[in-house]
Amino acid sequence: MMYMFTWFKNFSLIFTVMYLLASLKACGQPATRLPIVYQAKSDYILIVPPNADRYTLQAAHLIQRYTQWVTGFTLPLITTADTTGLWDKPVIAVGKTAWVPAKLQQEISALPEGSIYITTIGKNVLLMGGGKRGVLNAAYAWIERVLQCHLYADSVWQVPHQKNLFIDPLFHILEQPVFSFRQVYDPQAMNARYMDWHRLNDFADFWGIWGHSFFKLIPPSQYFQRHPEYFALINGQRRPTQLCMSQPAVVAQVVKELRARIQKNPDALYWSVAPEDNTAFCQCDSCRALYARYGGISGALLHFVNEIAAQIPDHIITTLAYGPTQHPPQHLEAAPNVGIMLSTIDCDRATPIASDPHSAQFRQDLEGWEHLTHHLMIWDYTVQFTHYLAPFPDLHTFQPNIQYFAAHHVEAVFAQGSGEDQSVFDEMRCYLLAKLLWNPQANTHQLQKDFLQGYYGAAAPFIAAALDQLQQALLQSHARLDIYGNPLDAKTSWLSPNDLQAYRRHLDNALQAVKDKPQLQRRVQKLYLSYLYVRLLQAWFYGTDPHGAFLQDASGKWIINPEIPKLINQFSHICQQQHILYLNEDHQTVSTFIEQLQDMLAQGVQVSLAFHKPVRLLTPNIADYPAKGPQTLTDGIIGSYDYAFNWLGWNNQDMKLEIDLQQIDTIHQVTMAFLQDQRHAIFLPTKIAIYGGNDRQQLHLLQESTLPSATPDETVHRKIITLTIHPTAIRYLQIIASPLATMPDWANQPGRKPSIFISEVMVK
C-alpha cells in the first residue's frame, strides 16, 4: 500500500512521504517482504554508534521496547562502529552508523531539524533524522506506522499483539516539518512522552524567554523607583504599564539582560522582547514621534526590537503582533533576526480564516507581516477561555487554518488551548492539532475516526454523531464562535434548548454503549459535563421562563424545578471524579460555580412590585451584553459573578431606566444588585437617584445616595444596595446611577472607560 503526501512551502517541495508497507496480517513469509520478526523470532539486530547521543539511544531503546511489546521478541541492541562479522546479519541501524553511506550521510545532515529519514538498503533498515531530534521522530514514526502502535492521550495507547512483522524491501520515509516549532498548549501535551511521540515542542526547546516579556527583562519592582523614565508616560506621569520604547537606556538595559540570560542558556534560539498584556503604551514625545513615523505602536515596537536584535545577531529576537501592535508598520522592515508572532485573537472560530469575511483584517495583517519578516509565527487559540466545559465545535477549522499558515510561510505555531487545566474534548483537540501541525495534508476524517475509536471504544459512533450535530447546528446558524464568548450567546441558535437536548441524546447513547466499561464510561462522562454545564447555565438564565430553574406550583407559588438539583449533583460528582477544578482561564473553581447555583436556588424568585413589569432603558446599555434585554432587570433572578451573564451594563455614561408598575402602588424601598469587577473596569456607581410619580413626564426625587469612593480590590463582588423611601404612591419609577467619571490612576488602565452593571431591581 502506498501513501503519498505532498505540499509546498516557499513554492518548493518540502515534504514527501513514500510509504510502502505490506500487510502485517500475512501468515506466510513471502520472499518479497523483509521479515523483521517472524513467528516471534528475528535475525535482526539493533545497532547504534559508540558516540550515540541521548536521542539516538532513546530511539533505539524505544524500538526495542515496543517491538517486544508487540511481537514478544526482544531485538538485541549493540553499540559498535565495527561492521566486521555483522555484514551477513540484517540490522536496524539507528543514527549515524557505519551502515549509512557517506553520500547519504551528507544528504541527511542537510535536512532541517526534526526531519525523518527511514530507508532500506538490501535487508538493512536505516533509521535517521535531521538535527538532534530527527532520529527520535523517526523512531516514533516506525513505532506508529510499522508496529501500528498509537498514543491517543497521556495514558491511553494501543499496542497490538502479533507474531509476524514485515516491511516492503523498498520501504522509504522522508518527512520534513512544515513548521520548525509546533506546540499545542493542552493538558495532554504537558507530558514528555506525548510530545515526543507526536513531534511537538515545548517552550524550553526553543525559547529562552517567552510571551509578554517587557517586565521579565526590566521588572518594575526592581527599576521603577530608581528609573521611572524606563517606563511609560501616561497622562503626564510615568507608570509601570509598559516600557518606554524610545529610551536608549532601555535598549541598553534590555540588551544587557538578554546577554546575561543567553550566556546561561546559549542553545535557546528565540528570545521574546514583547509588551505587557495591556494597551497603556507610552505617550512621551519621543514615542509619539515613532508612532507617527511608522504608522502606529507596532512601528515603535519593531524599531525598538530591531535596535536590540542588531546587538544580538546570533539569536532571533521575537515580539508580539497583538492588540495595539497587530497591524504591520509603515516604512519599516524587521531585521533579519527578528521574529513576529501574530495573534489570531479576533478571528471567528466557526469559519476558516482564509474564507471568513470577518477575518479579512487578520489576513491583511498576516500578509503584511509576511513581507516584513523572515520569521513569521502564529499564536493561535483553540478553546473558549471563558468556559472550558462548554461545547466549542471548532475542529473543522483546524486543517484549513493550518494550511493557510503554511501557505504564507509561517515557521512556528503555538496553539493555545486550556493549558494545564482540563477542558471538553481537550484529548481529541490536542491529537488532531499535533497530527496536522506535522502534516497539514493529513486525512482529518480518518484521524478523527481513529481517535474516537481508540479513545472511546464502542461509544465512538455516538460521539461522532454528537460532534456532527453540534457542527451542523453551528454552521446552519451562521453564528460567531468566539474564544471569549459565552454558551448563552448560542441559546437561540446552535445551543438552543432543542439542540442541546439532541446533543444530550447522543451522549446518553454513548454512555449506554460503554455502561459495562468503567474506564471508557469515565471518558464519555467528561464529555457529558458539556451538556450539564450549558443546561445549568440556561436554567439560571431562563429563571422563571420555560427551561428555567423555577416552576409555578398549582397555587401559583414559584418552586425549584426538581430536575436542577439533580443536575447540579451529577455535575459536581463527575467533576470530582475527573479531578476537574477550574471552569475558565481566570480559574473560577467548579466549587464556586456550584455554590453560586445553590445560592441562586436558595434565593429563589425575587417577587416584588417590579416582578415581570415593563422596563424602558432611557440610555442605551452596552450592546455586547444583551442578556434578556430590559426585562433582565425584573425577571426575579439576580445575576452571577460573570458580567456577561444576566447583567446589563452602561459604559462611561449614566444608567437611566424606567419601570412601569402598571398600577399605582405605595412603595417604601428599592433594592438593586450591582457588580464590581475592577479587572474588567466595572465599578459600583458613585451615586444613585430614585424618581417616581404617576405621570412619567413629571417625576420627582424620592431618594438619592452617594456611595464611597472606589478603592483597589481585585475580587469580584455582587453588591446589593437598598434605598429606603418615605412611603409614596406611584406608578412610574425612574432610576439613575452614575459611574466613575474616569478610571482611577491606581487601576493602571488608561484609555479604558469605567462601567456599571446592574442585574435586578426589586421594589417594595
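Above this text you will find the structure in question.
Here is a short report on the structure shown in this document. As the structure is a prediction and not an experimental result, all values here were calculated from the model.

Here we come to the overall build of the protein chain. Along the backbone of the protein chain there are 19 helices and 30 strands. Along the longest, intermediate and shortest principal axes, the C-alpha atoms of the protein chain span 110 × 70 × 40 Å. Looking at the protein chain residue by residue over its 764 residues, the buried ones come to 58%. Within the protein chain, residue pairs in contact and separated by at least 24 positions form 73% of the contacts whose partners lie at least 6 positions apart. With the model as given, the accessible surface of the protein chain reaches about 31800 Å², and the carbon-plus-sulfur share is 51%. Placing the 57 positive and 64 negative side-chain charges of the protein chain at their respective mean positions leaves the two points 4 Å apart.

Bringing the sheet that holds strand β4 (residues 45-48) into the picture now. Spatial strand order, β5-β4-β6-β8-β7-β12: six strands in an open sheet with mixed pairing. The open sheet is flanked by β5 (77-79) and β12 (172-175), the only strands paired with a single partner. Averaged over neighbouring strand pairs, the angle between their axes works out to 20 degrees when direction is ignored. Judged from the three bridges that link them, strand β6 (residues 91-94) and strand β8 (residues 124-129) form a sheet pairing that is parallel. If you follow Val 94 over to β8, its bridge partner there is Leu 127. Sitting on the sheet, helix α1 (residues 54-71) touches β4, β5, β6 and β8, and the angle it makes with β4 is about 170 degrees. In the packing of helix α2 (residues 102-109) onto the sheet, contacts are made with β7 (116-121) and β8, and the angle to β8 comes to roughly 30 degrees.

Below, the discussion takes up the sheet that holds strand β17 (residues 270-272). Taken in spatial order, the seven strands of this open sheet run β13-β21-β20-β19-β18-β17-β14, and their pairing is parallel. Edge positions in the sheet fall to β13 (181-185) and β14 (207-209), since each has one partner strand and no second. Each adjacent strand pair in this sheet contributes to an overall mean axis angle of 25 degrees, direction not counted. Pairing of strand β18 (residues 316-321) with strand β19 (residues 338-343), which is carried by five bridges, proceeds in the parallel orientation. Residue Ile 317 lies in a different strand from β19, and its bridge partner there is Val 338. Sheet strands touched by helix α8 (residues 248-264): β14, β17 and β18. Its angle to β17, the strand with the most contacts, is close to 145 degrees.

The next thing to look at is the side chain of His 375. With respect to the element layout, His 375 can be found in strand β20 (residues 375-381). Here Pro 336 takes part through its backbone oxygen, which lies 3.0 Å from a polar atom of the side chain of His 375. If near-sequence neighbours (up to four positions away) are discounted, His 375 is found in contact with Ile 316, Pro 336, Asn 337, Val 338, Gly 339, Ile 340 and Glu 411.

Residue position: Gln 603 is located in helix α19 (residues 590-603). Gln 603 sits in the partly exposed class, given a relative accessible area of 29%. When the C-alpha atoms of Gln 603 and Ala 549 are compared, they prove to be 12 Å apart, with 54 residues separating the residues in sequence. Not counting residues within four places of it along the chain, the set of residues in contact with Gln 603 comprises Ile 638 and Arg 718.

A few words now on the packing of helix α9 (residues 285-294) against helix α10 (residues 297-310). Two quantities define a packed helix pair, namely the angle between the axes and the distance from one axis to the other. Where α9 contacts α10, the two axes come as close as 7 Å, and the packing angle between them is 105 degrees. As the angle between them shows, α9 and α10 are arranged roughly perpendicular. Contact with α9, carried on its side by Leu 290, Tyr 291 and Tyr 294, involves Ile 297, Gly 299, Ala 300 and His 303 of α10 and no other residues of that element. Its residues assigned to classes, the contact of α9 with α10 shows five nonpolar, two polar and no charged.

Moving on, we come to the packing of helix α18 (residues 563-578) against α19. In the contact formed by α18 and α19, the axes pass within 11 Å of each other and the chain directions differ by 170 degrees. Comparing their axes, α19 and α18 come out roughly antiparallel. For the pair formed by α18 and α19, the contact residues are Ile 564, Pro 565, Ile 568, Phe 571, Ser 572 and Cys 575 on the first element and Val 590, Phe 593, Ile 594, Leu 597, Gln 598 and Leu 601 on the second. Its residues assigned to classes, the contact of α18 with α19 comprises ten nonpolar, two polar and no charged.

A few words now on the pattern of salt bridges. What the rule picks out here adds up to 20 salt bridges. The salt bridge partner of Arg 679 is Asp 586, with a shortest N-O separation of 3.2 Å. Of this pair, Arg 679 sits in the loop between β26 (655-676) and β27 (687-693) while Asp 586 sits in the loop between α18 and α19, placing them 93 residues apart in sequence. Relative accessible area serves as the criterion here: at 45%, Asp 586 is assigned to the partly exposed category. Here Glu 658 ties to Arg 616 by a salt bridge, and the two come within 3.2 Å at their closest N and O atoms. Of the two residues, Glu 658 sits in strand β26 while Arg 616 sits in strand β24 (residues 615-617), which places them 42 residues apart along the sequence.

Before going further, it helps to examine the pairing of β4. Burial along β4 is two-sided: the residues Ile 45 and Ile 47 and Leu 46 and Val 48 are all buried. For β4 and β6, the ladder comprises three bridges, and the chain directions are parallel. Bridging from a neighbouring strand, Ile 45 pairs with Val 91 of β6. Note: β4 against β5, three bridges, orientation parallel.

The next subject is the environment of Thr 544. By the secondary structure assignment, Thr 544 is in the loop between α17 (518-542) and β22 (550-552). Accessibility expressed as a relative area gives 12% for Thr 544, which makes it buried. Spatially, the C-alpha atom of Thr 544 lies 27 Å from that of Leu 684, the residues being 140 residues apart in sequence. Not counting the four nearest positions on each side in its chain, Thr 544 is found in contact with Phe 550, Trp 558, Val 605, Phe 611, His 612 and Asp 635. A distance of 3.2 Å separates the side chain of Thr 544 from the side chain of His 612, its partner in a polar contact.

Now for the nonpolar core. Counting residues in hydrophobic clusters, the biggest one holds 210 residues, and the most contacted among them are Trp 142 and Phe 571. If one sorts the elements of this core by residue count, α17 sits on top with 15 residues. Those residues within four positions of Trp 142 in sequence are excluded, and the remaining contacts are Ile 36, Ile 63, Ile 92, Ile 118, Val 125, Leu 127, Leu 147, Ile 167 and Phe 171. Counting residues in hydrophobic clusters, the runner-up holds 29 residues, among them Val 615, Ala 627, Leu 633 and Leu 661.

Cut-off values and rules
In this numbering scheme, every chain counts its residues from 1 along its sequence in written order. Selection of residues for local features in this predicted model requires a pLDDT of at least 70, selection of side-chain atom pairs for listing and counting requires 80 or more, and totals for whole chains, interfaces and linings are taken over all residues. Side-chain numbers here rest on the full set of heavy atoms in the structure, without hydrogens or water. A helix here means a DSSP run of H or I that spans at least four residues, while a strand means a run of E at least two residues long, and both kinds are numbered starting from the N terminus. Only protein chains enter the accessibility calculation, which uses a 1.4 Å probe; a residue whose area is less than 20% of its type maximum is buried, one above 50% is exposed, and one in between is partly exposed. Note on contacts: a residue pair is in contact if any heavy atoms of the two residues lie within 4.5 Å. In these tables, accessible area is a Shrake-Rupley quantity obtained with a 1.4 Å probe, and a residue counts as shielded only by the protein chains included in the view. A positive count includes Lys and Arg, and a negative count includes Asp and Glu. His and the chain ends are not counted in either. By convention, charge coordinates are those of NZ in Lys, CZ in Arg, CG in Asp, or CD in Glu. The rule for pairing is simple: two strands pair if DSSP sees at least two bridges between them. Axis angles are defined between N-to-C directions and span 0 to 180 degrees, where every axis is a line fitted to C-alpha atoms and, for a helix, only to the segment in contact. Polar contacts here mean pairs of N or O atoms no more than 3.5 Å apart (in protein, one a potential hydrogen donor and the other a potential acceptor; neighbouring residues in sequence count only if both atoms are side-chain atoms). Roughly parallel covers angles under 35 degrees, roughly antiparallel covers those over 145, roughly perpendicular covers 65 to 115, and oblique covers all other angles. In this count, Pro and Cys sit with the nonpolar residues alongside Ala, Val, Leu, Ile, Met, Phe, Trp and Tyr, while Asp, Glu, Lys and Arg are called charged and the others, Gly among them, polar. Criterion for a salt bridge: a side-chain nitrogen of Lys or Arg within 4 Å of a carboxyl oxygen of Asp or Glu. Only buried residues count toward a nonpolar core, which is a set of Ala, Val, Leu, Ile, Met, Phe, Trp, Tyr and Cys residues joined through side-chain atoms within 4.5 Å.

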